[in-house]
Amino acid sequence: MAEFTRLQNCLALIRLRNPPVNAISTTVARGIKESLQKAITDDTVKAIVICGADGIFCAGADIREFKVHKTFDIQLGDIVDEIQRNKKPVVAAIQKLALGGGLELALGCHYRIAHAEAQVGFPEVTLGILPGARGTQLLPRLVGVPAALDLIISGRHISANEALKLGIIDKIVNSDPIEESIKFAQRISGQSSQELQMTSDMVADKSSALGPPKGYTSKATIEFFFYLTVPGLCCGM
Ligand SMILES: CCCCCCC/C=C/C(=O)SCCNC(=O)CCNC(=O)[C@H](O)C(C)(C)COP(=O)(O)OP(=O)(O)OC[C@H]1O[C@@H](n2cnc3c(N)ncnc32)[C@H](O)[C@@H]1OP(=O)(O)O
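By the naming in an unreviewed UniProt entry, the chain is Peroxisomal bifunctional enzyme, taken from Bos taurus.

Now the structure itself:
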């Protein structure tokens, strides 16, 4: 599930809770969607923080459900779009891990604050899939195509420090990233929705050279991806 808490100072906190790693199940995804809706429609909420319970942000899709469902009636990509469309700033507070869909959720947010010991990555390749919830668009926009391809194709986890250098994370803290994100959200909640919208639009415009937004994975990218990952196709392996 995802817990919604209305904090003091016009903030809302959305906390993912699905032990042991807060993986995104359909229940968690529904919880995030409903919580976001509450935060967005509440005029007294000026900024939103998303975090995970029990010291971990999120290890991605709940792989236990992959055995049960072939398709899902709720799409994580739609939730990421909703975060980006909304005019209130959203901060991801990353403890321990943000993997796969968890990293896509964080990339959808306007700011990411992580603990120094945290790790991020896209392990989808190890399951034979591609990041499908806007990760293939949002990551290259932040880090450029070569670095994004490297992370997506290798599936490796990187440290918060490397993620900071690449531009995936905005700030690293040694203290509690949730508390830091709340403080930060409070500071920026004064930003007018117009400023945020203008900034988002400008960034989207500037990065449009990287390809169309929203769930689009070009045929060339897919072909390149399979060339590199299917045994026997690459380098005569
Ligand atoms: C609308 C709903 C669906 C949206 C989908 C959107 C598309 C997203 C796709 C993805 O996110 S694909 C990527 C999915 N994630 C992974 O592949 C991560 C797999 N897990 C790991 O790499 C490791 O387990 C870990 C998270 C790095 C932790 O490693 P560690 O060595 O510390 O512990 P483990 O013993 O491996 O695991 C502990 C415990 O956690 C369970 N677990 C781990 N990952 C998941 C997961 N993704 N879903 C469900 N459960 C997970 C693991 O089974 C262990 O459980 P127990 O055995 O202790 O019960």
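**A closer look at the environment of Val45**
With respect to the element layout, Val45 can be found in the loop between α1 (26–41) and β3 (47–52). As a C-alpha pair, Val45 and Ile178 span 133 residues in sequence and 17 Å in three-dimensional space. Those residues in contact with Val45, other than ones at most four positions away along the chain, are Arg6, Cys10, Leu11, Ala12, Ala39 and Lys88.

**A few points about the side chain of Asn86**
Along the chain, the position of Asn86 falls in the loop between α3 (76–85) and β4 (90–94). Judged by its relative accessible area of 6%, Asn86 is buried. Reaching out from Asn86, the side chain makes a polar contact with the backbone oxygen of Ile83 at a distance of 3.1 Å.

**Quick word on the packing of α1 against α3**
Closest axis-to-axis distance for the α1/α3 pair is 10 Å, and the angle between their directions is 15°. With respect to each other, α1 and α3 are oriented roughly parallel. Relative to α3, α1 is oriented so that their crossing is left-handed. Within the contact between the two elements, α1 uses Ala29, Ile32, Lys33, Leu36, Gln37 and Ile40 and α3 uses Ile79, Glu82 and Ile83.

**Overview of the site of the ligand**
Around the ligand, a shell composed of 20 residues is seen, among which Pro20, Ala59, Ala61, Ile63 and Gly101 lie nearest. One of the backbone nitrogen or oxygen atoms of Ala61 is found 2.8 Å away from an oxygen atom of the ligand. The separation between a nitrogen atom of the ligand and a polar main-chain atom of Ile63 is 3.1 Å. Calculation on the ligand without its partners gives an accessible area of 1,100 Å², and the protein chains cover 61% of this total. When the residues that make up the shell around the ligand are grouped by side-chain class, the tally is 13 nonpolar, 4 polar and 3 charged.

**Observations regarding the packing of helix α4 (residues 101–108) against helix α5 (residues 135–143)**
For the pair α4 and α5, interaxial distance at closest approach is 10 Å and the crossing angle is 55°. One finds that α4 runs oblique with respect to α5. When the axes of α4 and α5 are compared, the crossing they make is left-handed. Between α4 and α5, the residues in contact are Glu104, Leu107 and Gly108 and Gly135, Leu138, Leu139 and Leu142, respectively.

**Remarks on the sheet that holds strand β9 (residues 171–173)**
In space, the 6 strands of this open sheet follow the order β1-β2-β3-β4-β6-β9, with mixed pairing throughout. What marks the edges here is a single partner per strand, and that holds for β1 (2–7) and β9. Neighbour to neighbour, the strand axes of the sheet diverge by 20° on average, direction disregarded. Both β1 and strand β2 (residues 11–16) contribute to a ladder of 6 bridges, which runs antiparallel.

**Concerning the packing of aromatic side chains**
In this structure the tally under the stated criterion is 2 aromatic pairs. Ring centres 6.3 Å apart and planes at 55° place the aromatic pair Phe66 and Phe72 in the tilted group. In this structure Phe72 comes out as partly exposed when scored by relative accessible area, which is 27%. Taking 4.9 Å as the distance between ring centres and 75° as the angle between the ring planes, the aromatic pair formed by Tyr111 and Phe184 counts as edge-to-face. Of this pair, Tyr111 sits in strand β6 (residues 111–115) while Phe184 sits in helix α8 (residues 177–188), placing them 73 residues apart in sequence. We note that Tyr111, like Phe184, is buried.

**What about the pairing of β4?**
The buried fraction of β4 is high, at 5 of 5 residues. Every second residue of β4 is oriented toward a common face, with Val90, Ala92 and Ile94 on one face and Val91 and Ala93 on the other, all of them buried. Bridging between β3 and β4 involves 3 bridges; their strand directions are parallel. Residue pairing for β4: Ile48 is matched across the bridge by Val90. The sheet contact formed by β4 and β6 spans 4 bridges and is parallel. Looking at the pairing, Ile94 lines up with Ala114 of β6.

Conventions used here
- Residues numbered from 1 in each chain as written.
- Predicted model: local features only at pLDDT ≥ 70, side-chain atom pairs only at ≥ 80, totals over all residues.
- Heavy atoms only, no water.
- Helix = DSSP H or I, 4+ residues; strand = E, 2+ residues; numbered from the N terminus.
- Contact = heavy atoms within 4.5 Å.
- Buried < 20%, exposed > 50% of the residue type's maximum accessible area, 1.4 Å probe, protein only.
- Polar contact = N/O pair within 3.5 Å; in protein donor to acceptor, adjacent residues only side chain to side chain.
- Axes fitted to C-alpha atoms, helices over the stretch in contact; angles between N-to-C directions.
- Parallel < 35°, antiparallel > 145°, perpendicular 65-115°, else oblique.
- Left-handed = near helix turned anticlockwise from the far one by under 90°.
- Near = heavy atom within 4 Å.
- Areas by Shrake-Rupley, 256 points an atom, 1.4 Å probe, with all protein chains shown as cover.
- Nonpolar A, V, L, I, M, F, W, Y, C, P; charged D, E, K, R; others polar.
- Pairing = 2+ DSSP bridges.
- Phe/Tyr/Trp six-rings, centres within 6.5 Å; stacked < 30°, edge-to-face > 60°.

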